[in-house]
Amino acid sequence: MSVTPPRRRRRLVLRVVATVIVLGVVLWFFVSSLMSNWERVQEIEFSPGLATVAGIVLWVAAVPLSGWLWASTLRAMKPSLTISTRDAIATHCLSWVLKYIPGQVGSFANKVVWASRRGISKALVSLSFVYENVMLQLVSIVPAVVILLFAVGGEFFLENPATLLLPLLALVPLVLVAVGPVFRPATTWLARKVLRREIDQDSFLSSGSTLALLVGYVLPRVLNGAGFVLIALDVTDVPLHAALPLAAAYVLAGAIGILAIFVPSGLGVREAVIVLIASQFIPLADAIVLSLLARLYATIADAFVAALYFALRPPQRDAVASTT
């Protein structure tokens, strides 16, 4: 008992130090870029237009679509499970808003609580959370990196290794998830140790289901990228050839922001990546303003997602699920 508190304190200190370091690096990057381009930033005139409104709508729409895909993932894992799609989408919307708690802790805890109230095993919903995040990261990183490699060339990533290093490191566990002989025993062992639960081996997704869901999870990322490009149109002139790379940059920045687990919602990390990549296609000052506006508009979109949760949340008696 006397050993636990010091360990917790050390973890807390490490977490705070890591957060300070990440935010410090990002702040230095922003301040130096902003100061060197301050005159140009002051000259930029921007106001939200129809394109911005459309972009925010796409960002909001991507969340319930992801919620539907998460419900589909649960059903694919356990076909006998009966859940309300509306209920699952509402829960996913709330988990999305809770992403501001570092490390996806809030998002995960919300879904575990939802499952326990509906008689769904914690092991099953935990596994679905892993699948959901792995698929979203996979469809964010791989297509975005491929697009950007063609758009900016490999030299850009060699000069900015962290931009590519984090996604590539993330691909290692993602690939392990795709390899059943490695993922199944590791996940089963983890569930026993952490959750004190057994995972039904039939709950693991088949290759066909995984592939179909992967294709589905591309759609929310398409909406995210398209929404960013629409918002960019209200800030600066976007060349036609830059539309796809800008969309890829935003998706990749979001993925890297999620990987920065110590920082709430990737705060600052996502903006730094956006500026770094977007400045290859639009003026640096415009890229800085665009990254800051994207954060502002994303927060507004999250407010609508929260409202969507309250609108979709069904009465408790209507949330039907089978006991697993």
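Note that the structure is a prediction, hence the values are computed from the model and not measured.

Some details on the overall build of the protein chain
Next, step 1: A tally of regular secondary structure across the protein chain gives 13 helices and zero strands.
Next, step 2: Starting at the N terminus and ending at the C terminus, the protein chain contains elements arranged as α-α-α-α-α-α-α-α-α-α-α-α-α.
Next, step 3: Counting the 324 residues in the protein chain, one finds 47% classified as buried.
Next, step 4: Within the protein chain, contacts between residues at least 6 apart in sequence are counted, and of these 78% link residues at least 24 apart.
Next, step 5: Taken as a whole, the protein chain presents about 16200 Å² of accessible surface, with 70% of it coming from carbon and sulfur.

Comments concerning the packing of helix α3 (residues 50-77) against helix α6 (residues 122-152)
Next, step 1: Taken N-terminus to C-terminus, the directions of α3 and α6 make an angle of 125°; their axes are 10 Å apart at the nearest point. When the axes of α3 and α6 are compared, the pair comes out oblique. The handedness of the crossing between α3 and α6 is right-handed. Mapping the contact onto sequence places Trp70, Thr73, Leu74 and Met77 in α3 and Leu124, Val125, Leu127, Ser128, Tyr131 and Glu132 in α6.
Next, step 2: Among the residues making up the contact of α3 with α6, the classes are represented as seven nonpolar, two polar and one charged.

So, the environment of Val146
Next, step 1: Along the chain, Val146 falls in helix α6.
Next, step 2: Overall, the relative accessible area of 41% leaves Val146 in the partly exposed class.
Next, step 3: Placed 102 residues apart in sequence, Val146 and Ala248 show a C-alpha to C-alpha distance of 9.1 Å.

Description of the pattern of salt bridges
Next, step 1: A complete count under the given rule lists three salt bridges for this structure.
Next, step 2: Measuring nitrogen to oxygen at the nearest pair gives 2.6 Å for the salt bridge that ties Arg118 to Asp87. Of the two residues, Arg118 sits in the loop between α5 (105-117) and α6 while Asp87 sits in helix α4 (residues 85-97), which places them 31 residues apart along the sequence.
Next, step 3: The class of Arg118 is buried, set by a relative accessible area of 12%.
Next, step 4: Looking at Asp87, the relative accessible area reads 3%, which means it is buried.
Next, step 5: Between Glu132 and Lys111 there is a salt bridge whose closest N-O contact spans 2.7 Å. Note that Glu132 is positioned in helix α6 and Lys111 in helix α5, a separation of 21 residues in sequence.
Next, step 6: Here Glu132 falls in the buried class, since its relative accessible area comes to 5%.

Side note on the nonpolar core
Here is a general trend for soluble globular proteins: nonpolar side chains tend to be buried in one another's company.
Next, step 1: Counting 45 residues, the largest nonpolar core has Trp59, Phe228, Leu246, Tyr250, Leu252, Ile277 and Leu290 as its most contacted members.
Next, step 2: If you list the elements that add at least two residues to this core, you get α3, α4, α6, α10 (207-233), α11 (243-259), α12 (269-278) and α13 (284-312).
Next, step 3: Examining the composition of this core, we find that ten residues originate from one element, α13, more than from any other.
Next, step 4: Core analysis: the second largest hydrophobic core is formed by 24 residues, Ala71, Ile83, Ala88 and Val139 among them.

Focus: the confidence of the model for the protein chain
Next, step 1: When pLDDT is averaged along the protein chain, the result is 76; 63% of the residues meet or exceed 70.
Next, step 2: By mean pLDDT, the top-scoring element of the protein chain is α3 (94), and the lowest-scoring one is helix α2 (residues 38-43) (50).
Next, step 3: Note that pLDDT drops below 50 for residues 319-324; the model gives that stretch 22 contacts with residues more than four away or on any other chain.

A closer look at α11
Next, step 1: Its 17 residues give α11 an end-to-end C-alpha distance of 25 Å, which sits within 8% of 24 Å, the value for a rise of 1.5 Å per residue.
Next, step 2: Within α11, 13 of the 17 residues are buried, which leaves it mostly tucked inside the rest of the structure.

Quick notes on the environment of Ile83
Next, step 1: Within the secondary structure layout, Ile83 lies in the loop between α3 and α4.
Next, step 2: C-alpha of Ile83 to C-alpha of Ser72: the two residues are eleven residues apart in sequence and 9.9 Å apart in space.

Some remarks on the environment of Ala226
Next, step 1: Position of Ala226 relative to the elements: it lies in helix α10.
Next, step 2: By relative accessible area, which is 31% here, Ala226 ends up partly exposed.
Next, step 3: Counting along the chain gives 168 residues from Ala226 to Leu58, while the straight-line C-alpha distance between them is 7.6 Å.

Considerations on the side chain of Ser128
Next, step 1: Relative to the assigned elements, Ser128 resides in helix α6.
Next, step 2: Relative accessible area serves as the criterion here: at 0%, Ser128 is assigned to the buried category.
Next, step 3: Excluding residues within four positions of it along the chain, Ser128 makes contact with Trp70, Leu74 and Met77.

Description of the packing of aromatic side chains
Next, step 1: Enumeration according to the criterion identifies five aromatic pairs in this entry.
Next, step 2: Considering the side-chain rings of Phe108 and Phe129, the 5.3 Å spacing of their centres and the 65° angle between planes classify their relative orientation as edge-to-face. Here Phe108, found in helix α5, pairs with Phe129, found in helix α6; they are 21 residues apart in sequence, far enough to count as distant.
Next, step 3: The interplanar angle of 15° and the centroid separation of 4.7 Å between the aromatic rings of Phe228 and Tyr250 together place this pair among those described as stacked. Linking Phe228 in helix α10 with Tyr250 in helix α11, this pair joins segments that are 22 residues apart in sequence.
Next, step 4: Using a relative accessible area of 0% as the deciding quantity, one classes Phe228 as buried.

Here is what the cut-offs are and how they apply
Residues numbered from 1 in each chain as written. Predicted model: local features only at pLDDT ≥ 70, side-chain atom pairs only at ≥ 80, totals over all residues. Heavy atoms only, no water. Helix = DSSP H or I, 4+ residues; strand = E, 2+ residues; numbered from the N terminus. Buried < 20%, exposed > 50% of the residue type's maximum accessible area, 1.4 Å probe, protein only. Contact = heavy atoms within 4.5 Å. Areas by Shrake-Rupley, 256 points an atom, 1.4 Å probe, with all protein chains shown as cover. Axes fitted to C-alpha atoms, helices over the stretch in contact; angles between N-to-C directions. Parallel < 35°, antiparallel > 145°, perpendicular 65-115°, else oblique. Left-handed = near helix turned anticlockwise from the far one by under 90°. Nonpolar A, V, L, I, M, F, W, Y, C, P; charged D, E, K, R; others polar. Salt bridge = Lys/Arg side-chain N within 4 Å of Asp/Glu carboxyl O. Core = buried A, V, L, I, M, F, W, Y, C linked by side-chain atoms within 4.5 Å. pLDDT = per-residue confidence, 0-100. Expected span 1.5 Å × (residues − 1). Phe/Tyr/Trp six-rings, centres within 6.5 Å; stacked < 30°, edge-to-face > 60°.

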